[in-house]
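# Per-entry structural report
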Amino acid sequence: MRKLFQLTPLLELLQYDTLKIIGPYRFLHADSSSCSFIYADYHITVRGKSVEINALKEEMLHLSVEDLQELHMKMTKDMGVSDNVE
């Protein structure tokens, strides 16, 4: 049912302290101050004073970030990793 309404990948950053993605992704790394994942042909890294995972589901990742320091997005299409996102 969710695919009926959400047809394209969605990355939502709210007030620089909450990041939510909806759609298939590949989780790569998390620690107390950073998180990285592959999503919609991009390798995304989030860094802050603290990064907390609020939800980690099959097609949804929801993060809280205190004092966002970096949101880095690098296209992965040429790197051959986006084909393996599950």
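Please refer to the structure higher up on the page.
Reference entry: report on the structure contained in this document. As the structure is a prediction and not an experimental result, all values here were calculated from the model. (Residues numbered from 1 in each chain as written. Predicted model: local features only at pLDDT ≥ 70, side-chain atom pairs only at ≥ 80, totals over all residues. Heavy atoms only, no water.)

Another aspect to go through is the pattern of salt bridges. Scanning the entire structure with this criterion turns up two salt bridges. Between Arg47 and Glu70 there is a salt bridge, and its shortest N-O distance comes to 3.0 Å. One end of the pair, Arg47, is in strand 5 (residues 42-57); the other, Glu70, is in strand 6 (residues 60-75), and 23 residues separate them in sequence. Here Arg47 falls in the partly exposed class, since its relative accessible area comes to 38%. Across the salt bridge formed by Glu66 and Lys49, the nearest N and O atoms sit 3.7 Å from each other. Pair noted here: Glu66 is in strand 6 and Lys49 is in strand 5, with a separation of 17 residues, a long-range link. (Salt bridge = Lys/Arg side-chain N within 4 Å of Asp/Glu carboxyl O. Helix = DSSP H or I, 4+ residues; strand = E, 2+ residues; numbered from the N terminus. Buried < 20%, exposed > 50% of the residue type's maximum accessible area, 1.4 Å probe, protein only.)

Relative to the helices and strands, Phe27 is located in strand 3 (residues 25-30). For Phe27, a relative accessible area of 32% corresponds to the partly exposed category. Phe27 has contacts with Cys35, Ser36, Phe37, Ile53 and Leu56, leaving out every residue within four places of it along the chain. (Contact = heavy atoms within 4.5 Å.)

Okay, unusual backbone geometry next. Phi is positive for Gln15, close to 50°, though the residue is something other than glycine. Tracing the sequence through the fold places Gln15 in the loop between strand 1 (10-14) and strand 2 (18-22). Taking relative accessible area as the criterion, Gln15 reaches 71% and is therefore assigned exposed. One non-glycine residue, Asp67, lies in the positive phi region at around 55°.

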